[in-house]
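Chain by chain, the residues run as shown.
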Amino acid sequence: MKKFPDNFYFGASTSSHQVEGSCHNDWSEWEKRNAKRLAKESRKFSYLDSWTRIMHEAASPENYISGIAADHYTRYHEDFDIAQKIGINAYRFSIEWSRIEPMRGVWDPDELNHYTKMIAALRERNIEPFVTLWHWTLPLWLSEAGGVSNPEFPELFGKYAAKLAEEFSGQVKFFITINEPEIYSLNSYLRGIWPPQKKGILSYLTCMGSLVESHNNAYDEIKRRIPDSMIGAACNMSYFESGKGFINKIITALSVKLWNRYFTNRVKSRIDYVGVNYYFHNRINYGFSKNENRSVSDLGWELYPHGLEYLLESLAVYNLPVYITENGLADASDEKRAWFIEVSLRSVMRAMENGVDVRGYFHWSLIDNFEWDKGFWPRFGLISIDRKDLSRRIRIESCDRYREIIEKGI
Ligand code: BGC
């Protein structure tokens, strides 16, 4: 049995729009316009093993309206009490920009105070806050003005970051500027499946460029106000595994460069750590995703937790501390989560033994939440939320395993 260092962060993550409830932003508007269509299209999931269990929920338009979500906005005390019972000592959550700046340049003191109180509630429980500035949702005034593709966006993001840094100075040390810039750019500006549904390589690259600049502005604004802060971004990175042969090696190297490293390389001089969200293994063998899929989640995504070790080891090139800002699975019946957590954390331990400076692991998610265009049916939480009365229940097997590893090591 090997213990993790005493100052290692064992955490869990959420994002505002997915858990808070009563959000009024570009996503909540988009949901109203698209819920019926998404419900109709749900048959595309009929190949999943989980289909018979999820089909009613997935076919109902209500599933695609975030609405009250998990009502974390009012129930965060209860959620933090449970988090404390699980034994976690860090919590990653995001600030809902549309609450803070409901109109351009107009800041809402009550909403700022809401997050200040949330941070205090975490500190009371000895849980370190990791604050994400932006997890994809935009105030309406901003989405109506073109959102991320508006040339003013980086400057506006910088001002937003400055406001939050002023507000949280002395209370928050860890900041994540942007969640998964590459997934946002891909789904919102290349594939056109998320708001604002733009399609095209040029719009994708413009979006990525704007997010790079926005990160850099936010970094400078926060550092100026909180010099000892630790600032990074949470990037979605896959473990690309090369099949035999020169061509596969070339494709793998290119994939790593263009997907895993693109954003991080461009903001390298303005990050204090590398933040990585690990969900996907991609075996390259004269084509992508030639995976064995021995174990899959309710969403049909391959579960490959030991890939985390190789991914982390590949990040040693940056010579920076690393935080796993997300890692998890949709598993409503909690059959696989305990195993998944165990193998993931064993992979983290191995990477640390091999010299990678990993400082924290955040499970996605603390509570069941709204999974974007898929709605509520994928259940990612360590804590389950009953959709009827929003009551919370710990997923016992996985939480017990997580607690055991936190206390005793692996
Ligand atoms: C996102 C989360 C999402 C999770 C599971 C990540 O890409 O940051 O918002 O819920 O994956 O799909």
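As shown above, the structure is provided for reference.
What counts, and at which threshold
- Residues numbered from 1 in each chain as written.
- Predicted model: local features only at pLDDT ≥ 70, side-chain atom pairs only at ≥ 80, totals over all residues.
- Heavy atoms only, no water.
- Helix = DSSP H or I, 4+ residues; strand = E, 2+ residues; numbered from the N terminus.
- Expected span 1.5 Å × (residues − 1).
- Contact = heavy atoms within 4.5 Å.
- Near = heavy atom within 4 Å.
- Polar contact = N/O pair within 3.5 Å; in protein donor to acceptor, adjacent residues only side chain to side chain.
- Patch = residues over 30% accessible without salt bridge, like charges linked within 9 Å, V, L, I, M, F, W, Y side chains within 5 Å.
- Areas by Shrake-Rupley, 256 points an atom, 1.4 Å probe, with all protein chains shown as cover.
- Salt bridge = Lys/Arg side-chain N within 4 Å of Asp/Glu carboxyl O.
- Buried < 20%, exposed > 50% of the residue type's maximum accessible area, 1.4 Å probe, protein only.
- Core = buried A, V, L, I, M, F, W, Y, C linked by side-chain atoms within 4.5 Å.
- Pairing = 2+ DSSP bridges.
- Axes fitted to C-alpha atoms, helices over the stretch in contact; angles between N-to-C directions.
- Parallel < 35°, antiparallel > 145°, perpendicular 65-115°, else oblique.
- Left-handed = near helix turned anticlockwise from the far one by under 90°.
- Nonpolar A, V, L, I, M, F, W, Y, C, P; charged D, E, K, R; others polar.

K.L.:
Quick rundown of helix H8 (residues 153-168)? Include the residues and the values.
P.N.:
Helix length check: H8 (16 residues) gives 22 Å between terminal C-alpha atoms against 22 Å at 1.5 Å per residue, within 8%. Buried positions along H8 lie against helix H5 (97-100), helix H6 (109-124), strand S3 (128-134), helix H7 (140-144), strand S4 (174-179) and helix H10 (201-225).

K.L.:
Tell me about the site of the ligand, and please be specific about residues and values.
P.N.:
The environment of the ligand is formed by Gln18, His135, Trp136, Asn179, Glu180, Tyr279, Trp301, Glu326, Trp364, Glu371, Trp372 and Phe380. Taking asparagine 179, its side chain carries an N or O atom lying 2.9 Å from an oxygen atom of the ligand. Here tryptophan 372 contributes a side-chain N or O atom positioned 2.9 Å from an oxygen atom of the ligand.

K.L.:
Give a description of a nonpolar patch on the surface that names residues and reports values.
P.N.:
Among the surface-exposed residues, Phe246, Ile247, Ile250, Leu254, Leu258 and Tyr286 lie close enough to one another that they form a single nonpolar patch of about 680 Å² accessible area. Relative to the helices and strands, isoleucine 250 resides in helix H11 (residues 246-260). Look at isoleucine 250 and you get partly exposed, because its relative accessible area is 40%.

K.L.:
Can you tell me about the nonpolar core, naming the residues and giving the values?
P.N.:
If you look at the biggest cluster of nonpolar residues, it comprises 117 residues, and the most contacted ones within it are Phe4, Leu133, Trp134, Leu345, Val348 and Tyr402. In this structure leucine 133 touches Ile95, Phe157, Tyr160, Ala161, Leu164, Phe175, Ile176, Thr177, Ala218 and Ile222, once residues within four positions along its chain are discounted. Counting residues in each nonpolar core, the second largest holds ten residues, with Phe130, Phe174, Tyr323 and Phe362 among its members.

K.L.:
Which residues make up the sheet that holds strand S7 (residues 322-326), and what are the values?
P.N.:
The strand order around the closed barrel formed by eight strands is S1-S2-S3-S4-S5-S6-S7-S8, and the pairing between neighbours is parallel. Each neighbouring strand pair of the sheet contributes to a mean axis angle of 30°, computed without reference to strand direction. Where strand S6 (residues 274-284) meets S7, four bridges bridge the pair, whose relative direction is parallel. What sits directly across from valine 276, in S7, is isoleucine 324.

K.L.:
Hey, could you go over unusual backbone geometry for me, with residue numbers and the actual values?
P.N.:
Here the bond from proline 195 into proline 196 is cis, since omega is 5°, no more than 30 degrees from zero. Along the chain, proline 196 turns up in the loop between helix H9 (181-190) and H10. Residue serine 365 is reached from tryptophan 364 by a cis peptide bond, and omega for that bond is 15°. Inspection of the secondary structure puts serine 365 in the loop between strand S8 (358-364) and strand S9 (383-385). Phi at aspartate 71 is positive, roughly 50°, even though this residue is not glycine. With respect to the helices and strands, aspartate 71 occurs in the loop between helix H3 (51-58) and helix H4 (72-86). Take aspartate 71: its relative accessible area is 12%, and that puts it in the buried class.

K.L.:
An account of the packing of helix H14 (residues 337-353) against helix H15 (residues 396-408) is needed here, citing residue identities and associated values.
P.N.:
Orientation of H14 relative to H15, taken along the N-to-C sense of each, is 25°, at an axis distance of 7 Å. When the interaxial angle is binned, H14 and H15 end up roughly parallel. In this structure, the crossing between H14 and H15 has a hand that is right-handed. Side by side, H14 and H15 meet where Arg337, Ala338, Trp339, Ile341, Glu342 and Leu345 of the first sit next to Glu397, Ser398, Arg401, Tyr402 and Ile405 of the second. Across the contact of H14 with H15, the residue classes break down as six nonpolar, one polar and four charged.

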